[in-house]
Amino acid sequence: MGLTMLRFVLPILLAITLLGCAKADEDRTVIRISNWGGASDNQDFEKLVNGFFRQFEKENPGVEVRVEGIPGEYVQKMLLNHIAGTMPDVMAVDASSAAVFVNNGVLADLTPFLVHDPQIDLRDYWPNALEIGRREGKLYTIPGDFTPMVMYYNKRMFDDAGVPYPKPGWTYDDFLRTAQALTREGRYGFSFANWMPGWVMWLWNNGGEVLSPDGSRASGTLDSAQNAEAIGFLADLINKHRVAPSLSQAAALGVDLFANSQAAMTVSGHWSIVGYKNATKQGNDFDWRDLGVVELPTNVGKSQTVMYEVGYGIPVQSKHKDEAWKLVKMWTSYRLQKVYNSTGIAISGRKDVATEHATNDLEREFLKIVPTARPPAGSWVEGYATVEDIGQKMMDRVLNGEPSSTALKWAAERIDKEFAKR
């Protein structure tokens, strides 16, 4: 939803906002920080985060931090707040939708704060994570944490089948041979999910792209021969080679096949480790300590993956930018990130914290993959969520038997029509 369209819903938003506004004490500065989601169901995690904010209040007398969880459509609701003039002082920015906030002047340039604050050194952060919030020499977000998408594999299943572990630089043919060697009665070599943010890297690693270099159109790029080959390869894993279950078969089984030791490989992010540790406690033969990770296969010599990151920015409407900067600085600091990163849900945006946290082979392998990660297109192209929705529908068509070249042409034309409405 663009800013022009949002003006039509402004009166409704204002009514809702006036009803929900809280009045601050006159002698207290209230710093509002917005994040997606409502109340957390993880009480330990919630206590940890709240403890950070209470510590900030102690270090900054007269300042109160209020956390505002935004359930549902975070991007649209934050844009509505921008138009209504009710933005928070700090907001979490997902890399997948960063473009809409940066490109429309929602976020303040943090460069002036950096120039006058010797306590923060951008060299401490992963450079590709920093690039997500950078535009023409200006910086709009500071990285909090992130994950590259990786290929997980179950070492025990590899050992049982006598298959060597995958190594960096492996090709699509290597991957197929590996998956075939691991597929046997009741077990698959690979588990595939039709979620474009999780499979777009297969296009890149076959020399393809989704949009034109300026991000304005899909035709001539998405419908390339390289992409048709990559999409056909993924479909063949299911329909021809039978090394991965169909989506309906996977749904009927009702379990995470990888976490249930029914698939030897899958693609996911660092967040999955938390779930895999829980799966280990549930009594099946899956053990998260058998996990390995490796970069995705590539046919172009150098593997690429995608980085899904959360950064923190200060809206231009913030009335307390100095205090907001202190909060952003604390949240992304070494001392806080060292504690926060211990939750294990992601990799810290700080290289020093991430390196110290990598105390086992699994974490060290993750860090080797980080430099190969590039920002998602949503970090620089507005409305990219539409592309991912159409991409999922396109993949469904291919999995149901439509030629990949035909489905990609359909998807490219449909994306261009959607972009023309912006």
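Residues numbered from 1 in each chain as written. Predicted model: local features only at pLDDT ≥ 70, side-chain atom pairs only at ≥ 80, totals over all residues. Heavy atoms only, no water.

Undergrad: Any chance you could explain the environment of Asp285 here in plain terms?
TA: By the element assignment, Asp285 lies in the loop between α13 (272-280) and β9 (291-294). Put simply, Asp285 and Arg156 are 129 residues apart on the chain and 9.8 Å apart in space, counted from C-alpha to C-alpha. In this structure Asp285 touches Arg156, Arg187, Asn260 and Ser261, once residues within four positions along its chain are discounted. For Asp285, the side chain forms a polar contact with the side chain of Ser261, separated by 3.1 Å. (Helix = DSSP H or I, 4+ residues; strand = E, 2+ residues; numbered from the N terminus. Contact = heavy atoms within 4.5 Å. Polar contact = N/O pair within 3.5 Å; in protein donor to acceptor, adjacent residues only side chain to side chain.)

Undergrad: Looking at this model, I keep getting lost on the packing of aromatic side chains. Mind explaining?
TA: Each aromatic ring pair is characterised by the separation of its centres together with the angle its planes make. Applying the stated criterion across every chain, the model contains 26 aromatic pairs. Residues Tyr152 and Phe258 carry aromatic rings whose centres are separated by 6.3 Å and whose planes lie at 55° to one another, so their mutual orientation is tilted. In this pair, Tyr152 sits in strand β7 (residues 150-154) while Phe258 sits in the loop between α12 (247-253) and β8 (265-268), placing the two residues 106 residues apart along the sequence. Comparing Tyr152 with Phe258, the two get one shared label, buried. (Phe/Tyr/Trp six-rings, centres within 6.5 Å; stacked < 30°, edge-to-face > 60°. Buried < 20%, exposed > 50% of the residue type's maximum accessible area, 1.4 Å probe, protein only.)

Undergrad: Help me understand unusual backbone geometry, please; the structure alone is not making it clear to me.
TA: Leave glycine aside and you will find that most residues have negative phi; peptide bonds, for their part, are mostly trans. We note that Glu136 has phi near 50°; this positive angle belongs to a residue other than glycine. Inspection of the secondary structure puts Glu136 in the loop between β4 (134-135) and β5 (138-139). Not every positive phi belongs to a glycine, and Arg242 is a case in point at roughly 60°. For Arg242, the position within the fold is in the loop between α11 (225-239) and α12. Its relative accessible area of 53% is what places Arg242 among the exposed residues.

Undergrad: Any chance you could explain helix α17 (residues 361-369) here in plain terms?
TA: Turn by turn, an α-helix covers 3.6 residues, leaving residues three or four places apart pointing in a common direction. Restricting attention to buried positions, one finds in α17 the residues Leu362, Glu363, Phe366, Leu367 and Ile369. Buried residues of α17, viewed axially, fall in a sector of 155°; they line one side. Facing away from the buried side of α17 by over 90 degrees, the exposed positions are Asp361 and Lys368. Backbone nitrogen of Leu362 and a side-chain oxygen of the N-cap are separated by 3.1 Å at the start of α17; the cap is Asn360. (Arc of directions from axis to C-beta.)

Undergrad: Explain the environment of Leu80 here, please?
TA: Checked against the element boundaries, Leu80 lands in helix α4 (residues 74-84). Spatially, the C-alpha atoms of Leu80 and Ala98 are 16 Å apart, while their sequence positions differ by 18 residues.

Undergrad: Hey, could you run me through the sheet that holds β9 in this one?
TA: Backbone hydrogen bonds hold the strands of a sheet together, and the pairing may be parallel or antiparallel. Judged by pairing direction, the sheet is antiparallel, and its three strands sit side by side in the order β8-β7-β9 without closing on themselves. Lying at the two open borders of the sheet, with one neighbouring strand each, are β8 and β9. Geometrically, the sheet is characterised by an average inter-axis angle of 30° between neighbouring strands, direction not taken into account. When β7 meets β9, the two strands line up antiparallel, connected through four bridges. By the bridge assignment for β9, Met151 is matched with Val294. (Pairing = 2+ DSSP bridges. Axes fitted to C-alpha atoms, helices over the stretch in contact; angles between N-to-C directions.)

Undergrad: Hey, could you run me through the confidence of the model for the protein in this one?
TA: Detailed reading of the predicted coordinates is not advisable wherever pLDDT is low. Mean pLDDT over the protein stands at 91; residues scoring 70 or higher make up 92%. Scored below 50 in pLDDT, residues 1-24 shows 23 contacts in the model against residues more than four places distant or in partner chains. (pLDDT = per-residue confidence, 0-100.)

Undergrad: Quick question: what am I supposed to make of the pairing of β7 here?
TA: A regular strand places its side chains on the two faces of the sheet in alternate fashion. For β7, the tally of buried residues reaches five of five residues, placing the bulk of the element in the interior. Side-chain alternation along β7 places Val150, Tyr152 and Asn154 on one buried face and Met151 and Tyr153 on a second face that is also buried. Both β7 and β8 contribute to a ladder of four bridges, which runs antiparallel. Paired with Tyr152 across the bridge in β8 is Thr266.

Undergrad: Please clarify how a nonpolar patch on the surface should be interpreted in this entry.
TA: Where nonpolar side chains cluster on the molecular surface, the patch consists of Trp195, Trp271, Val274 and Ile345 and spans about 360 Å² of accessible area. Locating Ile345 in the fold gives a position in the loop between α15 (334-340) and β11 (347-348). (Patch = residues over 30% accessible without salt bridge, like charges linked within 9 Å, V, L, I, M, F, W, Y side chains within 5 Å. Areas by Shrake-Rupley, 256 points an atom, 1.4 Å probe, with all protein chains shown as cover. Salt bridge = Lys/Arg side-chain N within 4 Å of Asp/Glu carboxyl O.)

Undergrad: Would you mind showing me how to read the environment of Asp396 here?
TA: Mapped onto the elements of the fold, Asp396 is located in helix α18 (residues 384-399). Along the primary structure Asp396 and Gly349 are separated by 47 residues, whereas in three dimensions their C-alpha atoms are 35 Å apart. Asp396 has contacts with Asn194 and Leu247, leaving out every residue within four places of it along the chain.

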